[in-house]
Amino acid sequence: MHRFIDGEDRMQRTLLPNSLEDYVSQENPVRVIEVFIDELDLAALGFVGVTPAATGRPGYHPSTLLKIYLYGYLNRLQSSRRLEREAQRNIELMWLVGRLVPDFKTIADFRKDNGAAIRAVCRQFVELCRQLGLFTRAVVAIDGSKFKAVNNRDKNYTVAKVTGRIEQVDASIARYLSQVDSAEGEDCRPAPADAGLEGDAADGPGRT
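Let us look at the structure shown here. The structure presented is a predicted model; accordingly, all values stated were derived computationally and were not measured.

**Comments concerning the side chain of Arg31**
And then number 1: Mapping Arg31 onto the fold places it in helix H1 (residues 29-38).
And then number 2: Note on Arg31: relative accessible area 14%, which makes it buried.
And then number 3: For Arg31, the side chain forms a polar contact with the main-chain oxygen of Ser25, separated by 2.8 Å.
And then number 4: For Arg31, the contacting residues outside a window of four places in its chain are Glu21, Val24, Ser25, Gln26 and Trp95.

**Things to note about the pattern of salt bridges**
And then number 1: Across all of its chains, the model carries 5 salt bridges by this definition.
And then number 2: Glu21 serves as the salt-bridge partner of Arg31, at 2.7 Å between the closest nitrogen and oxygen. Of this pair, Arg31 sits in helix H1 while Glu21 sits in the segment before H1, and the two are 10 residues apart along the sequence.
And then number 3: Here Lys67 ties to Glu34 by a salt bridge, and the two come within 3.1 Å at their closest N and O atoms. Remark: Glu34 occurs in helix H1 and Lys67 occurs in helix H3 (residues 62-74); sequence separation between them is 33 residues.

**A few points about unusual backbone geometry**
And then number 1: A positive phi angle, close to 60 degrees, is found at Arg76, a residue other than glycine.
And then number 2: The class for Arg76 is partly exposed, based on a relative accessible area of 45%.
And then number 3: Non-glycine residue Arg99 carries a positive phi angle of around 65 degrees.
And then number 4: Inspection of the secondary structure puts Arg99 in the loop between helix H5 (91-97) and helix H6 (104-113).
And then number 5: Among the residues examined, Arg99 registers a relative accessible area of 56% and is labelled exposed.

**Observations concerning the packing of aromatic side chains**
And then number 1: Under the counting rule described, the total for this entry stands at 3 aromatic pairs.
And then number 2: Cluster of aromatic residues (ring-pair linked, three or more members): Phe47, Tyr69 and Phe110.
And then number 3: Taking NZ or CZ as reference, Arg81 lies 3.8 Å from the ring centre of Phe104, over its face.

**Comments concerning H6**
And then number 1: Among the residues of H6, those classed as buried are Ile107, Ala108, Phe110 and Arg111. All buried residues of H6 project into a common sector of 155 degrees when viewed along the axis, lining one side. For H6, the exposed residues lying more than 90 degrees away from the buried face are Lys112 and Asp113.
And then number 2: By the N-cap criterion, in which a side-chain oxygen at the helix start approaches the backbone nitrogen of a residue two or three places on, H6 is capped by Asp103, the distance to Lys105 being 3.0 Å.

**Remarks on the nonpolar core**
And then number 1: The biggest cluster of nonpolar side chains holds 33 residues, and the ones touching the most others in it are Phe47, Leu66, Leu70 and Leu96.
And then number 2: Taken together, the elements giving at least two residues each to this core come down to H1, H3, helix H4 (80-89), H5, H6 and helix H7 (115-131).
And then number 3: Leaving out residues up to four positions away in the same chain, Leu70 has contacts with Ile33, Phe36, Ile37, Cys122 and Phe125.

Quick notes on the rules
- Residues numbered from 1 in each chain as written.
- Predicted model: local features only at pLDDT ≥ 70, side-chain atom pairs only at ≥ 80, totals over all residues.
- Heavy atoms only, no water.
- Helix = DSSP H or I, 4+ residues; strand = E, 2+ residues; numbered from the N terminus.
- Buried < 20%, exposed > 50% of the residue type's maximum accessible area, 1.4 Å probe, protein only.
- Polar contact = N/O pair within 3.5 Å; in protein donor to acceptor, adjacent residues only side chain to side chain.
- Contact = heavy atoms within 4.5 Å.
- Salt bridge = Lys/Arg side-chain N within 4 Å of Asp/Glu carboxyl O.
- Phe/Tyr/Trp six-rings, centres within 6.5 Å; stacked < 30°, edge-to-face > 60°.
- Lys NZ or Arg CZ within 6 Å of the ring centre and 35° of its normal.
- Arc of directions from axis to C-beta.
- Core = buried A, V, L, I, M, F, W, Y, C linked by side-chain atoms within 4.5 Å.

Take a look at the structure:
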């Protein structure tokens, strides 16, 4: 008897299949993303593609792609290729978008077509998290920017302080989207002919 905690047998059949809901706790931030985006009027915010085309192949609803981008924003995932991979293997993201897996080009095009609207939504979401106290007693880092935790001094707001906070959030979002643009440029750049397996290994698990 080796006295270690054993994992489940991969070949063990279960009477009832596990659902994604079982893996996402009620306190998980992705539930906030879900409710927040589902309550938005995406057409009023200027998102493209809210009304589906009458002909042609059905596309992804903008809310699905926006959930992927907002999840990437909070988790510092900047590359559309990385977001595509996370949609395939990340339980939280699978739950958030119903196991949909848009390809990286679809994700990148959504960003290009809706940059200003995405920026506005990110700003609203950060402020909502503050109002709900989700940043209390913590330091939240988004693409290198740190937001102070709530304390007595921060409870006293002035016009200058509110303006500075908004400018700080806007600067953070702008840096993130700039990094997204750089990452997208790297994604679209053809790989060197001699990259071989070394490039694949650096980028994570390969795809067929």
